[in-house]
Amino acid sequence: MKKNYNWAILGCGKIARKFCTDLKLLPNAKLYATASRDINKATDFANEFGFAKAYGSYDEMVADPLVDIVYIATPHSFHHKHALLCLEHEKAVLCEKSFAINSREVEEMIAKAREKKTFLMEAFWTRFQPSFLKALEILNSNELGKLKMVRSDFAFNGPKDSTNRLYNLDLGGGSLLDIGIYPVFSALMTLGKPEQIKTIAQFSPTGSEETIQMSFKYAGGEMASLVSSFASYSSIQSEFWCERGYIRLNRRWFTPTSISIWHEGDSAESIIESPAIEGNGYQFEAAHVMECLDNQLTESPMMPLSFSTDLMEVLDRVRKDAGIVFPNHD
Ligand SMILES: NC(=O)c1ccc[n+]([C@@H]2O[C@H](COP(=O)([O-])OP(=O)(O)OC[C@H]3O[C@@H](n4cnc5c(N)ncnc54)[C@H](OP(=O)(O)O)[C@@H]3O)[C@@H](O)[C@H]2O)c1
């Protein structure tokens, strides 16, 4: 049965703002509470989006028995702490990517969710995008034959400000956990866990990784060539090269986008346009969380905790190969 759910936002920053714009599109999502370390910020955010309550600390918010689901939108290095706080209070959790800083933290979050029999999911919104799902459908249909190579990128010229979260090692700074996680996700979704990983990284003056190239090799000889960077712009595309053709998720491939497809013998690529959608595309993951709760699930069948475990394990291996260390976390 479809129920209404009281949502709370933990951390009123940039992504929370985009997410809430989309949350408002879902009739069964009630914008109930905001929580910030600063009550004025929580109040302003609540007023802007029409939340009923505003809390000046995360602890006060999780103590509110009317909160059903918490969306965690703090920097990666706080996801572990904030997920444990919410799960301890038996709040369903949708936690931004990267799910945490390392595999140990992810394991502890999952153990707490299981102990409390409470819903937990990584907010990997791409998993729920209609265009990404269409690409998976084409690849799984075998119309292009076997997938042999994934080529995926995500780069932008980041702010040259060493105090920014993107360059702060205490906050898990570096392109890998922020945007490199998307290319890694695309390879993991389609080819699974690689046998071999080789990387080359460039570091910023703060010691954070700024650009990383990753090559993966799989048991059957398949490969992935993945890159992320805060040093330049890229075309932000994901390509899937198969034995009888290829598909490409076009610019900003991880959001709703078009797909180019070419079959062996075709004179040109054809395009599958993305269905028109309202909002940014964050509503799909939020709707999915509520569907899971409607069905008394404590884990998503589409974005299972085993996938988040595998994703973090691969990211840990990439970090080890590239020499990326978070001194206060590892
Ligand atoms: N899915 C996506 O498309 C997407 C896009 C961007 C980012 N993200 C993810 O979302 C998370 C947040 O990113 P963001 O860009 O929204 O970050 P942000 O604006 O820099 O910070 C988010 C919020 O975290 C809270 N926070 C708590 N402790 C903090 C501390 N010590 N330093 C800084 N902030 C602290 C702050 O909220 P209060 O001051 O209100 O307490 C802050 O506004 C990251 O993990 C990122 O990977 C996802």
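Conventions adopted
Residues numbered from 1 in each chain as written. Predicted model: local features only at pLDDT ≥ 70, side-chain atom pairs only at ≥ 80, totals over all residues. Heavy atoms only, no water. Helix = DSSP H or I, 4+ residues; strand = E, 2+ residues; numbered from the N terminus. Rg over C-alpha atoms; globule rule 2.2 N^0.38 Å. Buried < 20%, exposed > 50% of the residue type's maximum accessible area, 1.4 Å probe, protein only. Areas by Shrake-Rupley, 256 points an atom, 1.4 Å probe, with all protein chains shown as cover. Lys, Arg positive; Asp, Glu negative; His and termini not counted. Charge placed at Lys NZ, Arg CZ, Asp CG, Glu CD. Expected span 1.5 Å × (residues − 1). Bend = angle between axes of the 7 residues up to and from the residue. Near = heavy atom within 4 Å. Nonpolar A, V, L, I, M, F, W, Y, C, P; charged D, E, K, R; others polar. Domains from an automatic or database assignment. Pairing = 2+ DSSP bridges. Axes fitted to C-alpha atoms, helices over the stretch in contact; angles between N-to-C directions. Contact = heavy atoms within 4.5 Å.

## Focus on the overall build of the chain
On a plain count of helices and strands, the chain comes out with 9 helices and 14 strands. Rg of the C-alpha trace for the chain: 20 Å, near the compact-globule value of 20 Å for 330 residues, within the 12% margin. Dimensions along the principal axes, computed over C-alpha positions, put the chain at roughly 60 × 45 × 35 Å. Within the span of the chain, comprising 330 residues, buried residues form 55% of the whole. Total accessible area computed for the chain in this model is approximately 14,000 Å², and 51% of it derives from carbon and sulfur atoms. Positive and negative side-chain charges of the chain, numbering 35 and 42 respectively, have mean locations separated by a distance of 0 Å.

## What about helix α7 (residues 175-191)?
Over its 17 residues, α7 runs 22 Å from end to end, which matches the ideal 24 Å to within 8%, given 1.5 Å per residue. Maximal helix bending in α7 amounts to about 50°, located at I181; proline P183 follows within four positions. Counting buried positions along α7 yields 16 of 17 residues, so the element is predominantly enclosed. Of the residues trailing α7, G192 is marked for its positive phi of about 85°.

## So, the site of the ligand
The environment of the ligand is formed by 22 residues, the closest being S36, K41, Y58, K97 and Y282. Relative to its free-state accessible area of 900 Å², the ligand is covered by the protein chains to the extent of 84%. At the level of elements, α1 (14-23) and α7 are the ones that each hand at least two residues to the shell around the ligand. Taken together, the residues of the shell around the ligand break down into 9 nonpolar, 6 polar and 7 charged. Looking at the shell around the ligand, you find at least three residues from each of domain 1 (5-126 + 281-298) and domain 2 (130-277).

## What to know about the sheet that holds strand β3 (residues 53-55)
Taken together, the 6 strands give an open sheet; going across it, the order is β3-β2-β1-β4-β5-β6, and neighbouring strands pair in parallel fashion. Of all strands in the sheet, those bounded by a partner on one side alone are β3 and β6 (120-123). In this sheet, adjacent strand axes meet at a mean angle of 25° when their direction is disregarded. Here 6 bridges tie strand β1 (residues 5-10) to strand β2 (residues 29-35), and the two strands are oriented parallel to one another. If you follow W7 over to β2, its bridge partner there is L31. Relative to β3, helix α2 (residues 39-49) is tilted by about 160°, and along the sheet it contacts β2 and β3.

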